[in-house]
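Chain by chain, the residues:
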Amino acid sequence: MVSSILFSCQNKLDKSTIESRLQNLQDLGTVEYTLSKVLSIDDEQWYTVGERKVLMSIKANLKAGVDFSQLEILSFDDKSKSIEVKMPESKIILLDIPPNKVKYELVHVDLLRDEFTNEEMNQIQVLGEKAIREKISDLGILEEAHKNAKGFVESWLKMLGMKKIKIS
Amino acid sequence: MGLLGKLFPGSGLIIKIATYTVIVVVGYIILASFFPDLNVFKRKEFNLKNTAVIIEESKNIAELFSATYYAEVVVDTTKVLIEEKVDVMSSLINLEEVDYNDSSIHEFVLIGHGHSYAGNNLQSLKKEDITIQDSLCIIKLPTATVFNTVINPSDFDIFIDEGNWSPEEVQTLKQLAVEKIKAQAINDGLLEKANKRTLKLMTDFIKSIGFKKVKVEFI
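Here the structure is a predicted model, which is why all the values come from computation and not from measurement.

Attention now goes to the overall build of chain B. On a plain count of helices and strands, chain B comes out with 5 helices and 7 strands. Taken from N to C terminus, the helices and strands of chain B fall in the order α-α-β-α-β-β-β-β-β-α-α-β. The C-alpha radius of gyration of chain B comes to 34 Å, more than 25% above the 17 Å expected for a compact globule of 219 residues. Each principal axis of the C-alpha atoms in chain B carries an extent, and together these give about 115 × 60 × 35 Å. Taking all 219 residues of chain B together, the buried fraction comes to 40%. Restricting the contact set of chain B to residue pairs at least 6 apart, pairs at least 24 apart contribute 76%. Carbon and sulfur atoms make up 59% of the accessible area of chain B, which totals about 12700 Å².

Written as structure tokens, this is what we have:
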């Protein structure tokens, strides 16, 4: 009989980092999307008896934009303040699935089956991550990122005193 | 006919069948170890049900990502569970409930590898932040911040999972790994590097549109 539980959690956060490195980046993020997906698994084998199911929801933060260093000035006239800029192709900058945005909605395991291990739970989340990555191209995110990048660069060049702006 | 055959008539056939069965079973096990697809007890991989990816929110941003920090971190956690149990034998002897404390140690070690992204948020940039005096351009930019620290599920390795750890507890530990990378990135100068890089990017770009002198101030 468990009448009381003393829970103590000790985190050795001062332990050394395995590897680290700093790098330059030059991307201009122009859109941010919050995506969500329900992950549903029914683990049934022909030789097992009883159900083993899990239902979880994950949220992902996705940012897309353009490589700022690839912004190319095709022509520039100081007198008339006219400029022609070539925008680079848009790209996905990052996909972030924060661990605190993974919610276990339902875990159902019958008596004759093993509980889901933490390794298996992570595997299911990896499948969810993969499924989201596969769907990105269907969501029109890159087109939106490109449109916003054009808008941002245009207004920014106006602030810098340009009068005729052509973005190709 | 051997001794066994004399003692148990007809046992020769049974021995033959048993021998062949053993040979077939051993042969199958060896074959299945080389070709796992032949193993009828092989676990079917998890298969996600086809659910939609929902766009919950979308917004325009103007974030200049100018530096990134990559790290692999370890979160090593131990918890001690102390349970109050009833000593059945002593309770029977003494005719009253005798309790005792039973403790157990649970360890969990997680390795996470991820990136911390930093840069300058240009969303709030207004006309007043840009001063133009002939060929001099002074621009005020917000100082660098960490935009995101990313460790996705595929970036985690569970190294030790001993004892009883609920899935929710594991998610909390994963979040700790994220916080750890973010803290280390700031400690190792990610924000300074981001400001430095933004300064160069901005200066180069503004110079390329005709300004001779560019001054970037971080606010």
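On to helix H5 (residues 190-208) of chain B, then. Every α-helical turn comprises 3.6 residues, leaving residues that sit three or four positions apart pointing alike. Residues and elements named next belong to chain B. Helix length check: H5, at 19 residues, gives a terminal C-alpha distance of 27 Å against a target of 27 Å (1.5 Å per residue), a fit within 8%. When we look at burial in H5, the residues that qualify are Leu-190, Ala-194, Asn-195, Arg-197, Thr-198, Leu-201, Met-202, Thr-203, Phe-205 and Ile-206. Immediately beyond the C-terminal end of H5, within one or two residues, lies Gly-210, with a positive phi of roughly 105 degrees.

Residues and elements named next belong to chain B. Reading across from one edge, S3-S4-S7 is the order of the 3 strands in this open sheet, with mixed pairing throughout. One side of each edge strand has no neighbouring strand; the edge strands of this open sheet are strand S3 (130-133) and strand S7 (213-218). On average, adjacent strands in this sheet sit at an angle of 15 degrees to one another, irrespective of strand direction. In this sheet, strand S4 (residues 136-141) lies alongside S3 in antiparallel orientation, the contact comprising 4 bridges. By the bridge assignment for S4, Gln-133 is matched with Leu-136. On the sheet, H5 packs against S4 and S7 and is oriented at approximately 150 degrees with respect to S7.

Once that is clear, we can look at the interface of chain B and chain A. Quite often, the size of an interface is put as the accessible area lost when its parts meet. Across the boundary between the two partners, chain B contributes 95 residues, which contact 92 residues of chain A. Carbon and sulfur atoms supply 57% of the area buried between chain B and chain A, which totals about 8500 Å² over both sides. If you sort the residues of chain B by the area they bury against chain A, Phe-46, Leu-48 and Val-53 of chain B come out on top, with a joint share of 10%. Applying the counting criterion to the chain B and chain A interface returns 3 salt bridges. As a salt-bridge pair, Lys-59 of chain A and Glu-56 of chain B come within 3.3 Å of each other at their nearest N and O atoms. Linking chain B with chain A are 33 residue pairs in polar contact (both at pLDDT 80 or more). Broken down by element, the residue count for the side of chain B that touches chain A peaks at 34 residues, all from strand S1 (residues 53-86) of chain B. Tallied by class, the residues present in the side of chain B that touches chain A amount to 51 nonpolar, 19 polar and 25 charged.

Each aromatic ring pair is characterised by the separation of its centres together with the angle its planes make. Taken as a whole and judged by the stated rule, the model has 9 aromatic pairs over all chains. Taking the centre distance of 6.3 Å and the plane angle of 15 degrees together, the rings of Phe-152 of chain A and Trp-156 of chain A count as stacked. Of this pair, Phe-152 of chain A and Trp-156 of chain A both sit in helix H2 (residues 141-159), 4 residues apart, which is roughly one turn of the helix. Neither residue differs from the other here; Phe-152 of chain A and Trp-156 of chain A are each classed as buried. An aromatic cluster is present here, built from Phe-68, Phe-152 and Trp-156 of chain A together with Phe-205 of chain B joined pairwise through their rings. The ring of Phe-116 of chain A has Arg-52 of chain A sitting right over it, with the charged end atom 4.3 Å from the ring centre.

When two helices pack together, you describe them by how their axes are tilted relative to each other and by the distance separating the axes. Closest axis-to-axis distance for the helix H1 (residues 118-135) of chain A/helix H4 (residues 167-187) of chain B pair is 10 Å, and the angle between their directions is 65 degrees. Classified by the angle between their axes, H1 of chain A and H4 of chain B sit roughly perpendicular to one another. H1 of chain A and H4 of chain B meet at a crossing whose hand is right-handed. Along its contact with H1 of chain A, which presents Asn-118, Met-121, Asn-122 and Gln-125 of chain A, the element H4 of chain B presents Pro-167, Val-170, Gln-171 and Lys-174 of chain B.

This part takes up the side chain of Ser-66 of chain B. All names here are of chain B. Locating Ser-66 in the fold gives a position in strand S1. There is a polar contact of 3.0 Å between the side chain of Ser-66 and the backbone oxygen of Ala-194. Only 2.9 Å separates the side chain of Ser-66 from the side chain of Thr-198, close enough to count as a polar contact.

This part is about the environment of Gly-12 of chain B. With respect to the element layout, Gly-12 of chain B can be found in helix H2 (residues 11-34). Separated by 129 residues in sequence, Gly-12 of chain B and Leu-141 of chain B have C-alpha atoms that sit 93 Å apart.

With 5 bridges connecting them, strand S4 (residues 72-77) of chain A and strand S5 (residues 82-86) of chain A associate as antiparallel partners. Bridging from a neighbouring strand, Phe-76 of chain A pairs with Ile-83 of chain A of S5 of chain A.

Next up on the list: the pattern of salt bridges. Residues and elements named next belong to chain A. Here the structure, examined in full by the defined rule, presents 16 salt bridges over all chains. Residues Arg-52 and Asp-43 are paired through a salt bridge, measuring 2.5 Å at the closest nitrogen-oxygen approach. Take Arg-52 and Asp-43: they sit in the same class, and that class is buried. In this structure, the salt-bridge partner of Lys-166 is Glu-84, at a minimum N-O distance of 4.0 Å. Placement of the pair is Lys-166 in strand S8 (residues 164-167) and Glu-84 in strand S5, with a sequence separation of 82 residues. According to the relative accessible area criterion, Lys-166 is exposed, its value standing at 51%. Take Glu-84: its relative accessible area is 21%, and that puts it in the partly exposed class. Through salt bridges that share partners, Asp-43, Arg-52, Arg-113 and Glu-120 make up one connected network.

Thresholds, definitions, all that
Residues numbered from 1 in each chain as written. Chains lettered and ligands numbered in written order. Predicted model: local features only at pLDDT ≥ 70, side-chain atom pairs only at ≥ 80, totals over all residues. Heavy atoms only, no water. Helix = DSSP H or I, 4+ residues; strand = E, 2+ residues; numbered from the N terminus. Rg over C-alpha atoms; globule rule 2.2 N^0.38 Å. Buried < 20%, exposed > 50% of the residue type's maximum accessible area, 1.4 Å probe, protein only. Contact = heavy atoms within 4.5 Å. Areas by Shrake-Rupley, 256 points an atom, 1.4 Å probe, with all protein chains shown as cover. Expected span 1.5 Å × (residues − 1). Pairing = 2+ DSSP bridges. Axes fitted to C-alpha atoms, helices over the stretch in contact; angles between N-to-C directions. Buried area = accessible area lost by both parts, 1.4 Å probe. Salt bridge = Lys/Arg side-chain N within 4 Å of Asp/Glu carboxyl O. Polar contact = N/O pair within 3.5 Å; in protein donor to acceptor, adjacent residues only side chain to side chain. Nonpolar A, V, L, I, M, F, W, Y, C, P; charged D, E, K, R; others polar. Phe/Tyr/Trp six-rings, centres within 6.5 Å; stacked < 30°, edge-to-face > 60°. Lys NZ or Arg CZ within 6 Å of the ring centre and 35° of its normal. Parallel < 35°, antiparallel > 145°, perpendicular 65-115°, else oblique. Left-handed = near helix turned anticlockwise from the far one by under 90°.

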